[in-house]
Amino acid sequence: MDKELFCKGYTWGFFSKEGEFLTKEAEASMRRLASNGLDWICITVNAWQETFYSTKIFSLYGRTQTDEEVIHAVKMAKELGLKVCLKPMVNCLDGAWRARINFPTEEYCSYWDEWFGSYKNFMLHYAKMAERLGCEMLCTGCEMAGMDSQAARCRDMISEVRKVYTGIVMHNINHGDELRFPWLDCVDVIGISGYYPVTDENNKGIDTMRKRWQEIIKGLEVCHEKYNKPIMFAEIGVRNEQGCTMYPWDFKDRPDKPLDEQEQSDFYESAMEATWDIPWFAGYFWWDWKAVIPPIEKAKVNRDFTIYGKMAEETLKRFYTNAR
């Protein structure tokens, strides 16, 4: 592992409603998460655009965390002894995945210039906030293949961020995009959404997962060597539903499939086994832990990515407290 930077982390608060970060329930949620041996937390902030082809990014009453809430959440994390990655995220109100945000590139088209102007204003607002609050890391984008294909504009955006933010700059690409974007040499850490399929219909179980992770690591090493940057899983996780390790990125419930805490736990176990001691690997922000969690007696029937109250929570704690 990269001992100078190794994030025993988790992502917290994604898609929280306005006001939730300020509640006692949110404080209890973060405390429970931190008790698993974390030393980092990734706090998300949601912004929006109307469609995947819109050029304006905006806050939305009721669905964007206010600055007051973000400040409160960062301070809560600091009081718990956690380092903070602030992760501003753009989403589309039409339901399109943010990776689909894209525009024509003909010289006479101004769409990308307009969009990047809006995106830079959005990112610089939170970069300044991250600097004031002492956030140790800032994520400058998440799974945005359309944006990331605009190399010159992305380099300019990172340069502008560095004028106001002096911490670690991390950029989050999707798995499969490890070698696509040459401008990634200008960030400090390359974050990858590590939703790699590690089983299939005929090959299942933790031994299969272990073999598959070894193949994945070879690809990650090529990425590290190409850019000469530390690699981390800026997102990684899987739901506790049978078969989910064949498609870890999928957030849709399949009621016909039984719950399977063991499969979820094995995904955690095999992923951390494979990456824990790699010198160029910089850790994890597992996906995701809600700002408001249900009573513990209801935790196990939740089919979401959260590991609260499930076998995988104990697996994570074992690794994060070095009790493995």
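Values in this document were obtained by computation on a predicted structure and should not be read as measured data.

Account for helix α6 (residues 206-227), with residues named and values stated.
For α6, which comprises 22 residues, the first-to-last C-alpha distance of 31 Å matches the rise-based estimate of 32 Å (1.5 Å per residue) to within 8%. Summarising the contacts, the buried residues of α6 are in contact with β6 (189-193), β7 (231-235) and α7 (261-275). Looking at the residues trailing α6, positive phi occurs at N228, about 55°.

Any details on the packing of aromatic side chains? Residues and values, ideally.
Counted by the stated rule, this structure contains 30 aromatic pairs. Centre to centre, the rings of F6 and W276 are 5.0 Å apart; their planes meet at 70°, and the pair counts as edge-to-face. Taken together, the residues F6 in the segment before β1 (7-12) and W276 in the loop between α7 and β8 (281-289) connect sequence positions 270 residues apart. Grouping residues by exposure puts F6 and W276 together as buried. A connected cluster of aromatic rings, assembled from ring pairs, spans F6, Y196, W213, F233, F267, Y268, W276, F281, Y284, W286, F319 and Y320. Its end group placed over the ring of W48, R63 keeps NZ or CZ at 4.3 Å from the ring centre.

Now, about the pairing of strand β2 (residues 40-49): what can you tell me, with residues and values included?
Here is the key point about a regular strand: its side chains alternate between the two faces of the sheet. Most of β2 is tucked away: ten of the ten residues are buried. In β2, alternate side chains face the same way, and those of W40, C42, T44, N46 and W48 on one face and I41, I43, V45, A47 and Q49 on the other are all buried. As judged from the two bridges shared by β1 and β2, these two strands associate in the parallel manner. Bridge assignment links T11 to a residue of β2, and that residue is C42. Of the strand pairs in this sheet, β2 and strand β3 (residues 83-92) are connected by ten bridges, and their pairing is parallel. Residue pairing in the sheet places I43 in a bridge with L86 of β3. Each parallel crossover has a hand, and for β2 linked through helix α2 (residues 67-79) to β3 it is right-handed.

Break down the state of the cysteines for me, citing the residues and quoting the values.
Enumeration according to the criterion identifies zero disulfides in this entry. C109 takes part in no disulfide bond, and the closest cysteine sulfur, belonging to C154, lies 18 Å away. Given the relative accessible area of 18%, C109 is considered buried. Unpaired in terms of disulfides, C142 finds its nearest cysteine sulfur in C139, a separation of 6.0 Å.

Could you give an account of the packing of helix α3 (residues 111-133) against helix α5 (residues 151-164), naming the residues involved and the relevant values?
Closest axis-to-axis distance for the α3/α5 pair is 9 Å, and the angle between their directions is 25°. One element, α3, and the other, α5, form an angle in the roughly parallel class. Read as a crossing pair, α3 and α5 show a hand that is right-handed. Listed contacts from α5 to W112, D113, F116, Y119, K120, M123, L124, A127, K128 and E131 of α3 are R153, C154, D156, M157, E160, V161 and V164. Residue composition of the contact of α3 with α5, grouped by class: ten nonpolar, no polar and seven charged.

Tell me what's going on with α2, and back it up with residues and numbers.
Over its 13 residues, α2 runs 18 Å from end to end, which matches the ideal 18 Å to within 8%, given 1.5 Å per residue. Listed in full, the buried residues belonging to α2 are E69, V70, A73, V74, M76 and A77. The buried residues of α2 occupy one face: seen down the axis, they fall within an arc of 155°. The exposed residues of α2 that point more than 90 degrees off its buried face are E68 and E79. Check the buried side of α2 and you find it contacts β1, α1 (24-34), β2, β3 and α3. G81, located one to two residues past α2, shows a positive phi value of around 80°.

Thresholds, definitions, all that
Residues numbered from 1 in each chain as written. Predicted model: local features only at pLDDT ≥ 70, side-chain atom pairs only at ≥ 80, totals over all residues. Heavy atoms only, no water. Helix = DSSP H or I, 4+ residues; strand = E, 2+ residues; numbered from the N terminus. Expected span 1.5 Å × (residues − 1). Contact = heavy atoms within 4.5 Å. Phe/Tyr/Trp six-rings, centres within 6.5 Å; stacked < 30°, edge-to-face > 60°. Buried < 20%, exposed > 50% of the residue type's maximum accessible area, 1.4 Å probe, protein only. Lys NZ or Arg CZ within 6 Å of the ring centre and 35° of its normal. Pairing = 2+ DSSP bridges. Right-handed = clockwise from strand over helix to strand, strands pointing away. Disulfide = S-S within 2.5 Å. Axes fitted to C-alpha atoms, helices over the stretch in contact; angles between N-to-C directions. Parallel < 35°, antiparallel > 145°, perpendicular 65-115°, else oblique. Left-handed = near helix turned anticlockwise from the far one by under 90°. Nonpolar A, V, L, I, M, F, W, Y, C, P; charged D, E, K, R; others polar. Arc of directions from axis to C-beta.

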